[in-house]
Amino acid sequence: MMLALITYQSQNIQCDAILWDKDGTLLDFMQLWGSWAELLLGHMEGYLQDRGHSFTGSREKVMGTIYDASGKLTGYDPRGPMAMASVQETTAVLAWQLYSAGVPWDEAILQITDFSRQAMEQMEQTRPVQPLPNLIPLLNSCREAGLPLAVVTSDWTSEALKHLRWSGLETYFTEIIGSDLVTSGKPAPDMALLACQRLSVQPGHTILIGDSNADMQMGRQAELACCIGIAPTAEAPTHLPDADIIIHDYRELQIITADGSQSVQE
């Protein structure tokens, strides 16, 4: 039985469940991962300098970070590894920097893992998470309509759960699917299909919301009903070519329940 319709402008899309990416979709990406990236890159830079080396290429290209003229981190490349890579892929990308400086590959992997752990421990003190604007009213509308929700993220499941607890969003989601629970991460369909299976819904009646094209490709491969890209800037995004719909603010979406009533965002 159809649980609800999600409406965007004049479009009504049948919806029995919604899958959400985490970073950049539920949580402000830069507040969380910008902090982590700067801490991690700082550890790496010091380690390389102690050995008479520096990053291979520019600091910006290591992970896809963007800096202003004063060297302050201001953004990220939405098509870069910081935005799209899984935990394993990120570890490999960063370990290559150490390997290129002469560090054996096995030692480089261990060192990056330790740097990441240190960065996460430092973040535990400040818990830099912030839900995206107008997200919570939409989540409340979903709850009112009885729509089951799941998170599908390239992060580890345990880390995703921790970040959702920090932000107070954990209770909205029935399932949290990290890349450690599947054989292939985004853009493969595995996480989306596992989430649908656990929610007991059909992919063809399930909607995905994400901020990267890897999210959109995952949804398309899983044959979901609709892939919605969120791009908070007012500019027309070019990094979401596979999105069915692109929104800039969650107020653009409305939930209509199966009985025809509209869930009001408060």
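Our subject is the structure that appears above.
The rules behind these values
- Residues numbered from 1 in each chain as written.
- Predicted model: local features only at pLDDT ≥ 70, side-chain atom pairs only at ≥ 80, totals over all residues.
- Heavy atoms only, no water.
- Salt bridge = Lys/Arg side-chain N within 4 Å of Asp/Glu carboxyl O.
- Helix = DSSP H or I, 4+ residues; strand = E, 2+ residues; numbered from the N terminus.
- Buried < 20%, exposed > 50% of the residue type's maximum accessible area, 1.4 Å probe, protein only.
- Lys, Arg positive; Asp, Glu negative; His and termini not counted.
- Contact = heavy atoms within 4.5 Å.
- Axes fitted to C-alpha atoms, helices over the stretch in contact; angles between N-to-C directions.
- Parallel < 35°, antiparallel > 145°, perpendicular 65-115°, else oblique.
- Left-handed = near helix turned anticlockwise from the far one by under 90°.
- Nonpolar A, V, L, I, M, F, W, Y, C, P; charged D, E, K, R; others polar.
- Patch = residues over 30% accessible without salt bridge, like charges linked within 9 Å, V, L, I, M, F, W, Y side chains within 5 Å.
- Areas by Shrake-Rupley, 256 points an atom, 1.4 Å probe, with all protein chains shown as cover.
- Pairing = 2+ DSSP bridges.
- Expected span 1.5 Å × (residues − 1).
- Arc of directions from axis to C-beta.

### Here's the deal with the pattern of salt bridges
All told, the structure shown has 14 salt bridges when counted by the stated rule. When the shortest N-O distance is used, the salt bridge between K162 and E124 registers 3.0 Å. Placement of K162 in helix α7 (residues 157–167) and of E124 in helix α5 (residues 105–126) is noted, with a sequence separation of 38 residues between them. On the accessibility criterion, E124 (29% relative accessible area) is partly exposed. Of the charged contacts in the structure, one is a salt bridge between R251 and D249, with a shortest N-O distance of 3.1 Å. Judged by relative accessible area, which is 56%, R251 ranks as exposed. Three or more residues joined by partner-sharing salt bridges are found here, namely D21, K186 and D215.

### Considering the side chain of D211
Relative to the assigned elements, D211 resides in the loop between β8 (206–210) and α9 (213–221). Despite being buried, D211 has no salt bridge partner; K186 is the closest side chain of opposite charge, sitting 6.5 Å away. Excluding residues that lie within four positions of it along the chain, D211 makes contacts with D21, D23, G24, T25, Y76, I230, H239 and L240.

### A few points about the side chain of D215
You can see D215 is positioned in helix α9. Setting aside residues no more than four positions away along its own chain, D215 makes contact with D21, K186, L208 and G210.

### Some words on helix α8 (residues 190–199)
Among all positions in α8, only M191, A192, L194, A195, C196 and L199 are buried. The secondary structure elements touched by the buried residues of α8 are β3 (17–20), β6 (149–153), β7 (175–178), β8 and α9. Within two residues after α8, S200 carries a phi angle of roughly 60°, on the positive side.

### Details of the packing of helix α1 (residues 29–50) against α5
For any two helices packed against each other, one specifies the crossing angle of their axes together with the interaxial distance. Running from N to C, α1 and α5 point in directions that differ by 135°, and their axes come no closer than 9 Å. It follows from the interaxial angle that α1 and α5 lie oblique. The two elements α1 and α5 cross, and the hand of that crossing is right-handed. Side by side, α1 and α5 meet where L32, W33, W36, L39, L40, H43, M44 and Y47 of the first sit next to E107, Q111, I112, F115, S116, Q118, A119, M120, Q122 and M123 of the second. Looking at the contact of α1 with α5, its residues break down into 12 nonpolar, 5 polar and 1 charged.

### With respect to the environment of I247
Tracing the backbone shows I247 in strand β10 (residues 245–247). A residue is classified by how much of its surface remains accessible, and I247, at 0% relative accessible area, is buried. Taking C-alpha positions, I247 is 7.3 Å from I228, a pair spaced 19 residues apart along the chain. For I247, the residues in contact, after removing those within four places along its chain, are Y8, I228, G229, I230, A231, E252 and L253.

### Side note on a nonpolar patch on the surface
On the surface, W96, Y99 and W105 cluster together into a nonpolar patch covering about 350 Å² of accessible area. Residue classification places W105 among the partly exposed residues on the basis of a relative accessible area of 38%.

### Thoughts on the pairing of strand β11 (residues 253–257)
Here β11 lies mainly inside the structure; 4 of its 5 residues are buried. In terms of strand pairing, strand β1 (residues 4–8) meets β11 through 5 bridges, oriented antiparallel. Paired with Y8 across the two strands is L253, which belongs to β11.

### Quick look at the sheet that holds β3
For sheets, the rule is that strands pair by backbone hydrogen bonds, running either parallel or antiparallel. Reading across from one edge, β7-β6-β3-β8-β9-β10 is the order of the 6 strands in this open sheet, with parallel pairing throughout. The open sheet has two free edges, formed respectively by β7 and β10, since each of these has just one partner strand. Here the strands of the sheet are splayed against their neighbours by 20° on average, with no regard to which way each runs. With 3 bridges joining them, β3 and β6 adopt parallel strand pairing.

### Description of the environment of L164
With respect to the helices, strands and loops of the structure, L164 is situated in helix α7. The exposure class assigned to L164 is buried, which follows from its relative accessible area of 0%. Sequence spacing of L164 and P104 is 60 residues, and the spatial spacing of their C-alpha atoms is 36 Å.

### A look at helix α4 (residues 87–100)
The terminal C-alpha atoms of α4, which comprises 14 residues, lie 20 Å apart, in line with the 20 Å expected from a rise of 1.5 Å per residue. Taken together, the buried positions of α4 are occupied by T90, T91, L94, A95, Q97 and L98. Mapping the buried residues of α4 onto a view down its axis gives an arc of 140°, with all of them on the same face. Just downstream of α4, G102 is the residue with a positive phi angle, here 100°.

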